[in-house]
Each structure stands twice: as C-alpha cells, then as structure tokens.
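Chain residues, written in single-letter form:
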Amino acid sequence: GAGVSQSPSNKVTEKGKDVELRCDPISGHTALYWYRQSLGQGLEFLIYFQGNSAPDKSGLPSDRFSAERTGGSVSTLTIQRTQQEDSAVYLCASSRDVETQYFGPGTRLLVL
Amino acid sequence: GESVGLHLPTLSVQEGDNSIINCAYSNSASDYFIWYKQESGKGPQFIIDIRSNMDKRQGQRVTVLLNKTVKHLSLQIAATQPGDSAVYFCAEPRQNFVFGPGTRLSVLP
C-alpha cells in the first residue's frame with residue numbers, strides 16, 4: 001500500500017520568503033508528526049497531531065513555524081520569513097497508534 | 001535528555017562480520033522501543049521493536065537485546081552486508097519524541 005508521501009522533495013528559497021511543505025499520511029493513521037533533521041544530526045520533534053485533539057506544538061522552534069492538518073488527513077507545515085538556519089530536511093511520519101511511526105522521504109529545504 | 005548537535009558516532013565493520021549498535025535510555029518507565037534505519041537521502045524505516053517484558057527479539061538477520069537494569073538496548077546485525085550501511089536510531093515512542101543522533105554504520109568491502 002501507499003506509504004507517507006511528502007512534497008516537494010526539494011525546495012530552494014530565498015531568505016525572508018514563506019514556504020509550505022505538504023505531508024500525505026498513510027490512510028487510516030490518526031497520528032501525524034513533523035520532525036526536522038539537520039545534516040548529520042538526529043530528528044528534532046516539531047509538532048504532533050492526534051485525531052481531533054489539539055496538536056502538541058511544543059517542538060516548534062519559533063512563531064514563524066506553524067502547521068495544520070485538514071480533515072484529519074493531509075498536513076501542511078508553513079515556515080514564514082525563512083532564515084538560513086531553517087535549512088534542513090523536514091520529515092513527516094504517521095502512525096495508527098502512538099507506537100510505530102512510518103516516515104515519508106522528507107523535504108529538503110535550502111534557504112539561500 | 002538526548003544529545004543532539006554532537007557528531008554522529010560511527011561504526012565500521014567488514015562485510016560478513018556481525019555489527020552491534022548500542023543505545024542508552026534514561027527513563028526507567030520506558031516500556032517500548034523501536035530501531036529505525038535511515039539510508040542516505042531517505043526517511044527512517046522501521047526495523048524491529050521490543051517491549052519491556054522481553055529481553056530479546058529476533059528478526060531477519062537482526063536481534064535486539066534489552067537490558068532494563070542498565071537501561072541499555074542493542075541492535076545486532078548478523079553477516080553485515082553493504083546494504084546495511086545507514087544511520088541507525090533507537091526511539092522510545094511512548095515517552096517522548098526525541099531521537100538521538102544515531103550511529104552511522106559503514107560496511108567495508
């Protein structure tokens with residue numbers, strides 16, 4: 001079956017521009033996660049959606065970052081006024097429960 | 001907490017040898033663990049999991065050992081192959097959303 005998909009796979013933007021990253025979770029998965037991964041480093045948690053509950057936004061690094069999940073399925077991570085330090089791979093994962101997370105291929109963001 | 005920001009620990013093994021990758025955790029209440037494999041340019045992939053009521057679990061060429069006394073788990077890969085080259089992470093999905101930097105496994109021909 002289809003796994004988690006993310007788009008775009010690569011994004012190059014100029015400092016100060018806004019970007020939107022999309023995640024399509026596995027059908028039926030109620031939980032959705034966003035992570036950031038800088039080069040050679042581990043995963044940094046950003047935000048977690050579970051069903052209709054209020055999202056856990058505790059990992060968002062600044063108010064320039066926001067995310068929404070429409071209809072309990074597709075999610076969009078928005079970064080406003082991008083900075084060079086925002087350059088990283090943004091990974092989305094989904095799960096049926098709070099256990100095994102299935103990851104997408106990621107979006108590689110480069111802010112010039 | 002986890003140590004993000006440090007250089008990735010690396011492990012180099014000869015093709016055909018066994019590999020052992022280690023992971024320590026801090027929360028004694030942790031009762032479920034997952035090992036992920038991340039190949040270059042891809043997202044992490046589930047390899048194997050283990051619950052705290054087990055000390056050992058085996059998959060295909062992989063074995064995970066859990067030592068709750070010292071809060072340590074290891075991933076053993078038998079007869080390591082070039083396709084095993086990747087970064088390996090352990091995770092405690094129920095306790096937090098923190099993943100460590102992982103260990104980079106390089107398989108030498």
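On a predicted model such as this, the values are computed, not experimentally measured, just so you know.

K.L.:
Would you mind going over the overall build of chain B with me for this structure?
P.N.:
Per the secondary structure count, chain B includes zero helices and nine strands. Helices and strands appear in chain B in the N-to-C order β-β-β-β-β-β-β-β-β. When burial is assessed residue by residue, chain B has 41% of its 109 residues classed as buried. Long-range contacts, defined as pairs at least 24 residues apart, comprise 55% of the intrachain contacts of chain B with a sequence gap of at least 6. Just so you have it, chain B exposes about 5,700 Å², and 47% of that area is on carbon and sulfur atoms.

K.L.:
Explanation requested: the interface of chain A and chain B in the structure shown.
P.N.:
Many structure descriptions define interface size as the accessible area lost when the parts assemble. On the side of chain B, 21 residues touch chain A, which itself brings 19 residues to the contact. Summing the contributions of chain A and of chain B, the shared interface buries around 1,600 Å²; its carbon and sulfur component is 57%. The largest contributions to the chain A side of the interface with chain B come from L43, E99 and F103 of chain A, which together make up 32% of the buried area. Where chain A meets chain B, there are zero salt bridges. Counting across the interface, chain A meets chain B through four residue pairs in polar contact (both at pLDDT 80 or more). Every element with two or more residues in the side of chain A that touches chain B is listed here: β4 (31–37) and β5 (43–50) of chain A. Of the residues assigned to the side of chain A that touches chain B, the class counts are nine nonpolar, seven polar and three charged.

K.L.:
Would you take a moment to explain the side chain of T100 of chain A for this structure?
P.N.:
For T100 of chain A, the location among the structural elements is in the loop between β8 (88–95) and β9 (102–103). A distance of 3.3 Å separates polar atoms of two side chains, one belonging to T100 of chain A and the other to Y32 of chain B. Look past the residues within four positions of T100 of chain A in its chain and what remains in contact with it is S94 and S95 of chain A together with Y32, I34, Y36, F46 and D49 of chain B.

K.L.:
Where do I start with the sheet that holds strand β6 (residues 62–67) of chain B in this structure?
P.N.:
Strand-to-strand pairing in sheets goes through backbone hydrogen bonds, with the strands running parallel or antiparallel. Residues and elements named next belong to chain B. Overall, antiparallel pairing links the four strands, which are arranged β2-β7-β6-β5 in an open sheet. Two strands in the sheet have a free side with no partner beyond their single neighbour: β2 (19–24) and β5 (56–58). Across this sheet, the average inter-strand angle for adjacent strands is 15°, counted without regard to direction. Looking at chain direction, β5 and β6 are connected through three bridges and run antiparallel. From the neighbouring strand, R57 faces β6, where its bridge partner is V64.

Calculation criteria
- Residues numbered from 1 in each chain as written.
- Chains lettered and ligands numbered in written order.
- Predicted model: local features only at pLDDT ≥ 70, side-chain atom pairs only at ≥ 80, totals over all residues.
- Heavy atoms only, no water.
- Helix = DSSP H or I, 4+ residues; strand = E, 2+ residues; numbered from the N terminus.
- Buried < 20%, exposed > 50% of the residue type's maximum accessible area, 1.4 Å probe, protein only.
- Contact = heavy atoms within 4.5 Å.
- Areas by Shrake-Rupley, 256 points an atom, 1.4 Å probe, with all protein chains shown as cover.
- Buried area = accessible area lost by both parts, 1.4 Å probe.
- Salt bridge = Lys/Arg side-chain N within 4 Å of Asp/Glu carboxyl O.
- Polar contact = N/O pair within 3.5 Å; in protein donor to acceptor, adjacent residues only side chain to side chain.
- Nonpolar A, V, L, I, M, F, W, Y, C, P; charged D, E, K, R; others polar.
- Pairing = 2+ DSSP bridges.
- Axes fitted to C-alpha atoms, helices over the stretch in contact; angles between N-to-C directions.

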